[in-house]
Amino acid sequence: MSTSPSAAPAQGQAWDFSDVTRSNDSLRRFLHGLPGVDQVGADSRAASLGTRSIKTTAKAYALDLAIRMVDLTTLEGQDTHGKVRALAAKAMRPDPADPTCPAAAAVCVYPDMVGVAKEVLGDSGVHVAAVATAFPSGRAALDIKLADTRDAVEAGADEIDMVIDRGAFLSGHYLQVFEEIVAVKEACVRPDGHSAHLKVIFETGELQTYDNVRRVSWLAMMAGGHFIKTSTGKVQPAATLPVTMIMLEAVRDFREATGQMVGVKPAGGIRTAKDAIKYLVVVNEVAGPDWLDPDWFRFGASTLLNELLMQRTKMTTGRYSGPDYFTVD
Amino acid sequence: MSRIDVRKTYKLFIGGAFPRSESGYSYQVHDTKGAFVANAALASRKDARDAVVAARKAFGGWSGKTAYNRAQILYRIAELMEDRRPQLVQALRQSEGLTAARAERALDDAIDRLVWYAGWADKLTQVIGNANPVAGPYFNLSTPEPTGVVAVLAPQESSLLGLVSAIAPVIVTGNTVVVISSFERPLPAVTFAEILATSDVPGGVVNILTGSAATIAPWLASHMDVNAIDLVGIAGDTELATSLEVAAADNLKRVRRAPAAEPDWSADPGLDAMTAFVETKTVWHPMGV
């Protein structure tokens, strides 16, 4: 399954992408030079990893880890300040009945809600992530996307989830996509020099092929994304196990080549605790245990958290729990 | 040339579909003379869990239907039972060892019972609801509302009349149900599930598990998302009934207690089986303007 790109330099050697990203043609040559993905093989490997049985103490560990990895998300037109405040409170104390329950990783909201979320979260350690760059379609002029990003960063967002221009990517304007990511990354820098983490959303449901997923992963990593994220959650199919596996292969190979670690975030469509555990198995088997950490792997989800909490309660009390005992959102 | 026997293995009925047991187990079902009849799925606690999820999902739609509509749907089940008469008669003869005539009569009773309960759908509120007299310019109305997801342990002896008498009063008021059928006599329940699947009952309103009540019921009794449990089916098993009542206390489930012996199902059932699984909702409503 190793997929080191043919152009990769010897391990340990500093990787300089300036050659690759010199022009659209060179970038295209590099991305299309990546080995193709065997779709049937990828599907079946992801399916076989999904059959692992995770029980008892391993399951308890996986559930807590998954809770710590959740980016609790609300991205609706009907979001109110009250809902964002409630969500932020939930991210800090997902299960108020059980003080041993860990906090979620972050709250993910639209840029105008960042201040509201920040107010509640304070220095609790739960991050605020904001979707920017004309989420979810990404169809806006670059300066609007950058202004959107700066607004969110100024309001105190710790993480920016940007969407790529899928139209440009699909029509082969790779350099345009690359430069946009670079520009957004620059817009993530705060006046004090610290920088908000950048997650790059691919919307893999619109990218048609697994080859494209691998290409766009490399493109985003070369452009300096801290995280690569599958989807906005607004398009079906959203995150799937094989797509996430291909992205995990990409970050693994990228670290082999450059020494830099990039995080992965599947988002949308992960609803059950069992699904979440399948993802964790794939993370461990494909990328390695280094990625089993909220700094390197996240779930973009809303309903998933309650499912994880119900399973957690089942493990601690020995009886099945129900949705009546957890907040609705 | 002699035919090869078709040895059937029946499945569970969960959420309107017929899945195999998650455990992969099945068990042999014998007739009253000890001859092999078929295999039935042996439900596990995870099947019970899935059934509760399906029942919860179906609850909103089923309880939201008009009482009149629920009555129509119950009548429809009775119609389909008529259509499947030979199959049900045979199942009754095999499981309960009845003669053909007595099996026909038992089936008549079961169908009549269903029709009787169907009629109650839009009448129960008039009988147990009330317009309360209050000293103010208000209407004060008490109406029965369904309790929610109800776990039913079906009678062990009366495999069809008992089953129908346990399920119908629960669903007619808008509850959804997870049933554990008779362990020794599951086949009428399996046929009943096939009838439900082809009737107008929405998937998940009735979920039928074949298997051992002693194994599965504790999980349902302690399940925080089950609102009530009917223990009449384990009549006589005081020890199990007590432990289930204790487990049910955690989320204040409504419990219909197990009698000392299985009741005579052919007797007039009265309203108890329906009123055990409704909640009285009282609303104040301003009167006049």
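Residues numbered from 1 in each chain as written. Chains lettered and ligands numbered in written order. Predicted model: local features only at pLDDT ≥ 70, side-chain atom pairs only at ≥ 80, totals over all residues. Heavy atoms only, no water.

Chain B carries the name Aldehyde dehydrogenase family protein in an unreviewed UniProt entry, which gives Nocardioides psychrotolerans as its organism.

Chain A appears in an unreviewed UniProt entry as Deoxyribose-phosphate aldolase from Nocardioides psychrotolerans. Word for word, the UniProt comment on chain A under Sequence similarities (unreviewed entry) is "Belongs to the DeoC/FbaB aldolase family. DeoC type 2 subfamily." Taken verbatim from the UniProt record of chain A, the Pathway (unreviewed entry) comment is "Carbohydrate degradation; 2-deoxy-D-ribose 1-phosphate degradation; D-glyceraldehyde 3-phosphate and acetaldehyde from 2-deoxy-alpha-D-ribose 1-phosphate: step 2/2." (UniProt positions renumbered as here; feature names shortened; annotations may be inferred.)

Further remarks concern the overall build of chain B. Per the secondary structure count, chain B includes 10 helices and 10 strands. Radius of gyration (C-alpha) of chain B: 19 Å, near the 19 Å computed for a compact globule of 289 residues. Overall size of chain B, expressed as C-alpha extent along the three principal axes, is 85 × 40 × 35 Å. Counting across all 289 residues of chain B, residues that qualify as buried make up 49%. A separation threshold of at least 6 residues defines the contact pool for chain B, and within that pool the share at least 24 residues apart is 78%. Within the structure as shown, chain B displays about 13,200 Å² of accessible surface, and the carbon and sulfur contribution to it stands at 53%. Taking the average location of the 27 positive side-chain charges in chain B and that of its 30 negative ones, the two points are 5 Å from each other. (Helix = DSSP H or I, 4+ residues; strand = E, 2+ residues; numbered from the N terminus. Rg over C-alpha atoms; globule rule 2.2 N^0.38 Å. Buried < 20%, exposed > 50% of the residue type's maximum accessible area, 1.4 Å probe, protein only. Contact = heavy atoms within 4.5 Å. Areas by Shrake-Rupley, 256 points an atom, 1.4 Å probe, with all protein chains shown as cover. Lys, Arg positive; Asp, Glu negative; His and termini not counted. Charge placed at Lys NZ, Arg CZ, Asp CG, Glu CD.)

A few words now on the confidence of the model for chain A. A residue-level look at chain A finds 95% of positions with pLDDT of 70 or above and a mean pLDDT of 93. In this model, residues 1-12 of chain A is a region of pLDDT below 50 whose contacts with residues beyond four sequence positions or in other chains number 21 contacts. (pLDDT = per-residue confidence, 0-100.)

Residues and elements named next belong to chain A. In spatial order, the strands read β7-β6-β5-β4-β3-β2-β1-β8; together these 8 strands make up an open sheet with parallel pairing. Taken across any chain shown, the strands that pair with only one partner, and hence form the sheet edges, are β7 (263-265) and β8 (299-301). In this sheet, adjacent strand axes meet at a mean angle of 25 degrees when their direction is disregarded. Relative to β8, strand β1 (residues 70-73) runs parallel, the two sharing 3 bridges. For D71, the partnering residue across the bridge sits in β8 and is G300. Packed on one face of the sheet, helix α5 (residues 114-121) meets β2 (106-109) and β3 (127-132) and runs near 175 degrees to β3. (Pairing = 2+ DSSP bridges. Axes fitted to C-alpha atoms, helices over the stretch in contact; angles between N-to-C directions.)

This next bit is on the interface of chain A and chain B. How big an interface is tends to be stated in terms of the accessible area lost upon association of its parts. At the junction of the two partners, chain A supplies 10 residues and chain B supplies 10 residues. Between chain A and chain B, a total of about 1,000 Å² is buried, with carbon and sulfur atoms accounting for 51% of that surface. Per-residue buried area on chain A facing chain B is highest for R319, Y320 and Y325 of chain A; these three make up 65% of the total on that side. Linking chain A with chain B are 1 salt bridge. Note that D250 of chain B and R319 of chain A form a salt bridge whose closest N and O atoms lie 2.4 Å from each other. (Buried area = accessible area lost by both parts, 1.4 Å probe. Salt bridge = Lys/Arg side-chain N within 4 Å of Asp/Glu carboxyl O.)

Let us look at the pairing of strand β2 (residues 36-41) of chain B. All names here are of chain B. Of all the 6 residues making up β2, 5 are buried; the element is thus mostly covered by neighbouring parts of the structure. Pairing geometry for strand β1 (residues 26-30) and β2, over 5 bridges, is antiparallel. From the neighbouring strand, S26 faces β2, where its bridge partner is A41. Taken together, β1 and the strand that follows it, β2, pair antiparallel across an intervening segment of 5 residues, in which G34 is found at a positive phi of about 95 degrees.

The subject of this paragraph is the packing of aromatic side chains. Across all of its chains, the model carries 13 aromatic pairs over all chains by this definition. Judged by centre distance (6.1 Å) and plane angle (90 degrees), the ring pair of Y279 of chain A and F299 of chain A falls under edge-to-face. One end of the pair, Y279 of chain A, is in helix α11 (residues 273-287); the other, F299 of chain A, is in strand β8, and 20 residues separate them in sequence. No difference in accessibility class separates Y279 of chain A from F299 of chain A, as the two residues are buried. Ring geometry for W116 of chain B versus W120 of chain B: centroids 5.9 Å apart, planes at 75 degrees, classification edge-to-face. Of this pair, W116 of chain B and W120 of chain B both sit in helix α4 (residues 100-120), 4 residues apart, which is roughly one turn of that helix. In this structure W116 of chain B comes out as partly exposed when scored by relative accessible area, which is 32%. (Phe/Tyr/Trp six-rings, centres within 6.5 Å; stacked < 30°, edge-to-face > 60°.)

Residues and elements named next belong to chain B. In this fold, A189 is placed in helix α7 (residues 187-197). In this structure, the C-alpha to C-alpha distance between A189 and V206, residues 17 residues apart in sequence, is 11 Å. Non-local contacts of A189, meaning those with residues more than four positions away in its chain, are made with S159, L163, S181 and I208.

Our focus in this paragraph is the state of the cysteines. All names here are of chain A. Evaluation of the coordinates by the stated rule reveals 0 disulfides over all chains. Take C101: it sits in no disulfide, and the sulfur closest to it among the cysteines is that of C108, at 20 Å. The class of C101 is buried, set by a relative accessible area of 9%. (Disulfide = S-S within 2.5 Å.)

With that settled, consider the UniProt feature "domain: Aldehyde dehydrogenase" (unreviewed entry) in chain B. The UniProt record marks residues 30-255 of chain B with the feature "domain: Aldehyde dehydrogenase" (unreviewed entry), using the residue numbering of this structure. Within the segment residues 30-255 of chain B, helix and strand shares are 53% and 16% respectively, and the terminal C-alpha atoms sit 32 Å apart.

Positionally, S95 of chain B belongs in helix α3 (residues 85-96). Of note is the side chain of S95 of chain B, whose polar atom sits 2.4 Å from the backbone oxygen of A91 of chain B. (Polar contact = N/O pair within 3.5 Å; in protein donor to acceptor, adjacent residues only side chain to side chain.)

With that settled, the discussion passes to the sheet that holds strand β3 (residues 130-131) of chain B. Pairing within the open sheet is antiparallel, and its 3 strands lie in the order β3-β4-β10 (chain B). This sheet does not close on itself; its edge strands, each paired only once, are β3 and β10 (278-286) of chain B.

The biggest cluster of nonpolar side chains holds 102 residues, and the ones touching the most others in it are I160 and F299 of chain A. Residue contributions to this core peak at 10 residues, all from α11 of chain A. Among all residues touching F299 of chain A, those that are not within four sequence positions of it are A66, M69, V70, D71, K265, P266, I270, A276, Y279, L280 and L304 of chain A. Of all hydrophobic cores here, the second largest spans 55 residues; its members include W62, L114, L124 and I171 of chain B. (Core = buried A, V, L, I, M, F, W, Y, C linked by side-chain atoms within 4.5 Å.)

Right, let's get into unusual backbone geometry. The linkage connecting F135 of chain A with the following residue, P136 of chain A, adopts the cis geometry, with an omega of 0 degrees. In this chain, Q236 of chain A is followed by P237 of chain A through a cis amide linkage whose omega measures -5 degrees. Secondary-structure assignment places P237 of chain A in the loop between β6 (227-229) and α10 (241-258). The phi angle at L252 of chain B is positive, at roughly 55 degrees, despite the residue not being glycine. Note on placement: L252 of chain B falls in the loop between α9 (238-248) and β9 (254-256).

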